[in-house]
Amino acid sequence: MRALILATTLLLPGTAMTPSAPATASRLEPLRLGRLQVWKLQDGRLSLAVSLLKGLDPAEARRMLGGRDAADTPVNAFLVRMPGHTVLVDTGMGKDPEEDSGHLEAQLAAAGVAPADIDLVLITHEHFDHIGGLVKADGSRTFPRAVLRVARREHAFWTEDPSRLPERLRDRAPKLKALFETYGKAGAFRPFEDGEELAPGLRALPAHGHTGGHTVYAFTSEGRELWCIGDLIHFGAVQFQHPEAGVAFDLDGDRAVKVRQELFREAAHRQVALAGAHLPQIVRIAPKGTGYEAVPVP
Ligand SMILES: [Zn+2]
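Here the structure is a predicted model, which is why all the values come from computation and not from measurement. Sequence order sets the numbering: in each chain, residues are counted from 1 along the sequence as written. Where totals are concerned, whole chains, interfaces and linings use all residues; where local detail is concerned, this predicted model gives features only for residues with pLDDT of at least 70, and gives and counts side-chain atom pairs only at 80 or more. As a convention, hydrogens and water are excluded, and side-chain values are obtained from all of the structure's heavy atoms.

**Q** Can you walk me through the nonpolar core in this structure?
**A** Taken as a class, soluble globular proteins show a tendency for nonpolar side chains to be buried jointly. Only buried residues count toward a nonpolar core, which is a set of Ala, Val, Leu, Ile, Met, Phe, Trp, Tyr and Cys residues joined through side-chain atoms within 4.5 Å. Residue burial is assigned from relative accessible area. The probe radius is 1.4 Å, only protein chains are included, and a residue is buried under 20% of its type maximum, exposed over 50%, and partly exposed in between. Judged by nonpolar contacts, the single largest core of 28 residues is most densely connected at Ile 118, Val 121, Leu 134, Phe 143 and Phe 180. Listing elements by their share of this core, those giving two or more residues are β2 (36-49), β4 (70-82), α3 (104-110), α5 (152-159) and α6 (172-184). Counting residues per element, this core draws most heavily on α6, which supplies 4 residues. The contact definition used throughout considers only heavy atoms, calling two residues in contact when any of these lie within 4.5 Å. Residue contacts for Phe 143: discarding those within four places in its chain leaves Leu 88, Thr 91, Leu 104, Leu 108, Pro 115, Ile 118, Val 121, Gly 133, Leu 134 and Tyr 183. Ranked by size, the runner-up nonpolar core spans 25 residues in total, among them Leu 31, Met 82, Phe 192 and Ile 282. Going along the chain from the N terminus, every DSSP run of H or I of four or more residues is numbered as a helix, and every run of E of two or more is numbered as a strand.

Encoded structure:
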């Protein structure tokens, strides 16, 4: 048995040792909601320490994570085919030599889509694990035919007045400006206003708190709803039951909690499918105790 395990490890480096790494050999099948086809594309993974959770007894959080001190979390992008558009929500971390990342293009191929097929790229917020795949190693656009869209408030939050940011984040402004200008130079960067309808059946919902202009993308088709919720939640095993718990990266922690509670209430009421950048599955939620129970969408 040990020999077999070793052989498997050698044949499939990374796969046997990291069970949550993306499987790209086989074709990825979409989830169908009305006329939407939705693929969860796992670009990489991050280990999130329990100590990042705020507003919850750490012992309780550790118990909910099966006694572990960290949660192994995916970094997802979502591909949505809708009438008239092929949309990518977020772009993962990109290729980082120190992380298990940069699988987005292989995942897209497994979904049967080439980067040039995508006509709309939507960014939930400008953290590195959501924008890392926008450009290739040579600095050119990964998605040459796509219009890149992000909330005007989010882009301004990072780039217009860095003095409002925590000191450790101020050096990001010039890098983010240059990154988005890669699309801007081609006339393909269009920031939008909060609440704007981006296409029929696709709306941007302001969900500020995690960052200054964090956005949820709401897709509707034939009465079915999908929300790509970005970083509205990081620890699926903890924060559905405890939506009052925040994470250290929420730049406005109180607001992030309030927005999470409001959007969870609405999503539970309307049976919205929730696609989270750091959730292992697309889920629907139902009230349970003082929080929610998440059930994977089949
Ligand atoms: Zn994130």
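**Q** Any chance you could explain the coordination of the zinc ion here in plain terms?
**A** A metal bound by six donors in octahedral fashion has ideal angles of 90 or 180 degrees, whereas one bound by four tetrahedral donors has an ideal angle of 109.5 degrees. Here a donor is any nitrogen, oxygen or sulfur atom (N, O, S) within 2.8 Å of the metal, with 3.2 Å used for Na, K and Ca; water is not among the atoms considered, so some sites may look incomplete. The protein atoms that coordinate the zinc ion are Asp 129 (OD), His 130 (NE2), Asp 231 (OD) and His 278 (NE2), at distances spanning 2.1 to 2.3 Å. Classification of the site at the zinc ion as irregular follows from its 4 donor atoms and the range of 83 to 160° in their angles at the metal. Read N to C, the donor residues that coordinate the zinc ion are spaced as D-H-x100-D-x46-H. Of the two residues, Asp 129 sits in helix α4 (residues 128-131) while His 278 sits in the loop between β13 (273-276) and β14 (283-288), which places them 149 residues apart along the sequence. For the pair formed by Asp 129 and His 278, the shared burial category is buried. Donor angles set the geometry label: tetrahedral for four donors if every angle is between 85 and 135 degrees, square planar for four and octahedral for six if opposite donors exceed 155 degrees and the others are between 65 and 115, irregular for anything else.

**Q** I'm lost on the pairing of strand β15 (residues 291-296) in this one. Help?
**A** The side chains of a regular strand alternate between both faces of the sheet. Pairing analysis gives 6 bridges linking β14 to β15, with the strands arranged antiparallel. The residue of β15 that forms the bridge with Val 283 is Pro 296. Following DSSP output, two strands are said to pair if at least two bridges run between them. Between β14 and β15, which pair antiparallel one after the other, the connecting turn spans 2 residues, and Gly 289 there sits at a positive phi close to 60°.

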